[in-house]
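Fold and contact review
Each chain, written out:
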Amino acid sequence: MTKPMYKQFRSPQGWYSFLFPVTWEHMVVEEIPAFFHPDGGGALQVYAFESKVDHFDIDKELENYLKIHEIDYDPEKVAVFENNEGSSIRACEFLQEDRVWMVYMVASKERMILLTYNSDEEVGDELFQQLTNIISSVRILN
């Protein structure tokens, strides 16, 4: 039998789930799940939000997030796509204080998941593919 390459994480509130590499570990600190390779220099943190209005304006949310971190919002540098689950996604990366930041926002109706990966090491091809696989598997549960 083939050993699985990914395992599933389901949020404690039951809002979302996704797959992450079996070689990664995870822990919850102050109710924020963090995922990381034990030999790596970075972590993927996951935040969940629920809107009081009909839906999230994901572009505006990303612009606001970047502004808080004193990063200029440039729509030309934002990847726009849908994942395998049909959720709208925005992705960008930036360098701040010698740390690489990758920001992903996944939205479906009134729920939004913010995933941030930050590291003091460059993101190589293998890690980039792992992060892409994680984001592609995010499923917002209704």
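Summary of the structure given here. Just so it is clear, the model here is predicted, and its values are computed rather than measured. (Residues numbered from 1 in each chain as written. Predicted model: local features only at pLDDT ≥ 70, side-chain atom pairs only at ≥ 80, totals over all residues. Heavy atoms only, no water.)

**Regarding the pairing of strand β1 (residues 6-10)**
- Two elements, β1 and strand β2 (residues 16-21), share five bridges in a ladder whose sense is antiparallel. Paired with Phe-9 across the strands is Phe-18, a residue of β2.
- Following β1, the chain reverses through five residues before pairing antiparallel with β2; Gly-14 in that reversal takes a positive phi of roughly 75°. (Pairing = 2+ DSSP bridges. Helix = DSSP H or I, 4+ residues; strand = E, 2+ residues; numbered from the N terminus.)

**Focus on the nonpolar core**
- Within the largest apolar cluster, 25 residues are counted, with the highest numbers of intra-cluster contacts made by Phe-18, Trp-24, Phe-35, Leu-44, Val-106, Leu-115 and Leu-131.
- Elements supplying a minimum of two residues to this core: β2, β5 (42-50), β7 (88-96), β8 (99-108), β9 (111-119) and α2 (125-137).
- Other than its neighbours up to four places away in sequence, Phe-18 contacts Lys-7, Gln-8, Phe-9, Phe-35, Val-46, Ile-134, Ser-137 and Val-138.
- Phe-56, Tyr-65, Phe-94 and Leu-114 belong to the second largest nonpolar core, which has 15 residues in total. (Core = buried A, V, L, I, M, F, W, Y, C linked by side-chain atoms within 4.5 Å. Buried < 20%, exposed > 50% of the residue type's maximum accessible area, 1.4 Å probe, protein only. Contact = heavy atoms within 4.5 Å.)

**Section: the side chain of Ser-51**
- Along the chain, Ser-51 turns up in the loop between β5 and α1 (58-68).
- The class for Ser-51 is buried, based on a relative accessible area of 15%.
- Once you skip the residues sitting within four places of it in the chain, Ser-51 turns out to touch Phe-56 and Glu-110.

**Structural notes on the pattern of salt bridges**
- Summed over the entire model, instances satisfying the criterion amount to two salt bridges.
- A salt bridge links Glu-50 to Arg-111; its shortest N-O distance comes to 3.5 Å. Taken together, the residues span a long stretch of sequence, with Glu-50 in strand β5 and Arg-111 in strand β9 at a distance of 61 residues.
- Residue class for Glu-50 comes out partly exposed when judged on its relative accessible area of 38%.
- Accessibility expressed as a relative area gives 15% for Arg-111, which makes it buried.
- Of the charged contacts in the structure, one is a salt bridge between Arg-90 and Asp-59, with a shortest N-O distance of 2.7 Å. Pair noted here: Arg-90 is in strand β7 and Asp-59 is in helix α1, with a separation of 31 residues, a long-range link. (Salt bridge = Lys/Arg side-chain N within 4 Å of Asp/Glu carboxyl O.)

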